[in-house]
Amino acid sequence: MTVRRVNRFAGLVGLATALITLAGAEVVSLLVAPGSSPLFAVGSFVIDIVPPWVKDAVIQLFGTADKVVLLSALGVLALVLAIGIGILEYHRPRWGVSGLILLGLVVAIVSVTRSGASLLWGLPTVIGIALGVVILQRGMRRLHLFVDAASRDELAPDTGEKADEASRRAVVGRRGFFTFVGAVSGAAVIAGFAARTVNAGTAAVTAVREKLKLPAPTTPAPAIPAGASLDIPGISPLITAAKDFYRIDTALQVPAIDASKWSLTITGMVENEVTITFAELLALPMTERTITLQCVSNEVGGDLVGNATWLGYPIRELLLRAKPTAGADMVLSRSIDGFTAGTPLSVLQDDKRDSLLAVGMNGKPLPLEHGFPARMVVPGLYGYVSATKWVVELKVTTFANDMGYWTPRGWDALGPIKISSRIDVPAYTATIPAGRTKVAGVAWAQHTGLKAMEVRFDRGPWQPAVLADAISADTWRQWYYDWEATKGVHLIECRATDANGLVQSGRHQAPAPNGSEGWETITVEVA
Ligand SMILES: Nc1nc2c(c(=O)[nH]1)N[C@H]1C(S)=C(S)[C@@H](COP(=O)(O)O)O[C@H]1N2
Ligand SMILES: [Mo]
């Protein structure tokens, strides 16, 4: 076989390698972040470093297609490099592989240093390159088999058994090679395009969300009392920033919903089926409330709890329009991704409880991970029975006929939040200096409110702690205790008492089926 022909085939292996690398990276970037796709990371890097006159020239030439041109150019560059790597690997085994890894390293570094990136952003490239290395080596093995068989066939006598055998092997080698390259490339193109499409959808929705201006609340959240927030290093901030807010859902890929196409429909046991679009929702008088949300899976002392200021429309008002019929006792809210939650109808109709169809979180549109464009927030109920994100339907029904997602999976149909409290400072198993210090944390009994907070040391008598002012009964409260820490190892426990006098139970109970119980217990060493 001529070197030119061999190079052409080696180049094909390089192409398949590039396709699988890009596709693999694209798929992994779905799970990491849309911007972590190496093509995009490198693309935005190029945009950042290119001198202004080049940028201007490109925009002059291509107008708004400039980004497409850039990405296409990068794609072509990747393919050309890949062909080179394939040819190199054929003639100098392991040199091509090394080149590929080196290239990957550069791209990974570019990816993790993008603004807003984390180390995780290198993962798509790393996995893509790993796949590429496997394909490059396997492809080369096939190519060698194919080339050897073809050369033997060329050297074999013109006729006879030997000639037949040689040409048969050559055909098998050739078929094996092309099947391999074809299958790999085909699979890569399909997976890559599918992942790219989903990724682009997320990027588009992110852009819409960033431009969205929420209406001001008609009923603003009551001002937060100055005494609600304690200035103690290490204590949970009174309001949890969206980026630090725990996230729990069954969505492998965060749904990217086009807000202009979103609508919510109230169906089931109602006199009027009601459908509301996002624009209609935003035009309604909005209520703003600070509400602490919690996951039923939260262990005592755990961090699956957060406090945010939500902007939304009262669900009770929507239900008034729909007019539930007699006998209904549950609202099954459904997410676009299929998740459902069963909430007591009476809770959602209660005019003393601010159950919201929320569109805003801490002054911004909901982050995609927290339910953009709309989600439910119900004070006092665990998230699994109330806080449906990406909500698109409220079906008025009965507990006898319907079940939320988690109910057949071993969790109670009803999920009122249990009273709980946690110690933030000192940190779990910390070492601290002897002397005056503060033990502090947060406590909650949503929709009931708290009356008292206590701590005890080394299983001694309970001591009253100080509760910071409450925002409302629906939010957690910070608390602290002034402690004279003496040398030695100490066990610290805390417990809250709700407004009705119910004391947080010390009996340990695992989260399933209706929420954890017990006292948070930490050990600190005082040196
Ligand atoms: N669509 C959807 N909504 C969902 C869930 C889910 O899995 N899918 N999980 C629920 C659970 S169990 C909790 S605790 C809250 C968490 O909300 P967050 O992720 O905004 O903190 O969302 C609720 N809403
Ligand atoms: Mo949850």
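Preceding this paragraph is the structure being described.
Okay, so let's go over this structure. (Residues numbered from 1 in each chain as written. Chains lettered and ligands numbered in written order. Predicted model: local features only at pLDDT ≥ 70, side-chain atom pairs only at ≥ 80, totals over all residues. Heavy atoms only, no water.)

Observations concerning the pattern of salt bridges
For the structure on display, the rule yields 22 salt bridges. As a salt-bridge pair, aspartate 424 and arginine 422 come within 3.0 Å of each other at their nearest N and O atoms. For aspartate 424, a relative accessible area of 16% gives the class buried. Here the salt bridges do not stand alone but share partners, grouping Arg289, Arg316, Glu317 and Asp354 into one network. (Salt bridge = Lys/Arg side-chain N within 4 Å of Asp/Glu carboxyl O. Buried < 20%, exposed > 50% of the residue type's maximum accessible area, 1.4 Å probe, protein only.)

So, unusual backbone geometry
For the bond from phenylalanine 372 to proline 373, the omega torsion is 5 degrees, close enough to zero to count as cis. Looking at the secondary structure, you find proline 373 in the loop between β8 (364-365) and β9 (375-377). Of note, the amide linkage connecting valine 425 to proline 426 takes the cis form, showing an omega dihedral of -5 degrees. Locating proline 426 in the fold gives a position in the loop between β11 (420-425) and β12 (431-432). A positive phi is found at arginine 94, a non-glycine position, where the angle reads about 80 degrees. By relative accessible area, arginine 94 is classed as exposed at 62%. Notably, arginine 459 is not glycine yet its phi reads approximately 60 degrees, a positive angle. (Helix = DSSP H or I, 4+ residues; strand = E, 2+ residues; numbered from the N terminus.)

Focus on a nonpolar patch on the surface
On the surface, Leu120, Leu123, Val126, Ile127 and Leu131 cluster together into a nonpolar patch covering about 400 Å² of accessible area. Mapped onto the elements of the fold, valine 126 is located in helix α6 (residues 123-155). (Patch = residues over 30% accessible without salt bridge, like charges linked within 9 Å, V, L, I, M, F, W, Y side chains within 5 Å. Areas by Shrake-Rupley, 256 points an atom, 1.4 Å probe, with all protein chains shown as cover.)

Considering the sheet that holds strand β13 (residues 435-444)
If you walk across this open sheet you meet the four strands as β11-β13-β17-β16, and the pairing is antiparallel. The sheet terminates laterally at β11 and β16 (466-467), the two strands that pair on one side only. Pairing analysis gives two bridges linking β16 to strand β17 (residues 477-485), with the strands arranged antiparallel. Of the residues in β17, the one forming a bridge with valine 466 is tyrosine 480. (Pairing = 2+ DSSP bridges.)

Notes on the site of ligand 1
In the neighbourhood of ligand 1, 19 residues make up the surrounding shell, with Tyr246, Thr250, His370, Arg375 and Lys389 lying closest. Within the backbone of tyrosine 246, one N or O atom sits 2.6 Å away from an oxygen atom of ligand 1. The protein chains hide 99% of the 530 Å² of surface that ligand 1 would expose on its own. (Near = heavy atom within 4 Å. Polar contact = N/O pair within 3.5 Å; in protein donor to acceptor, adjacent residues only side chain to side chain.)

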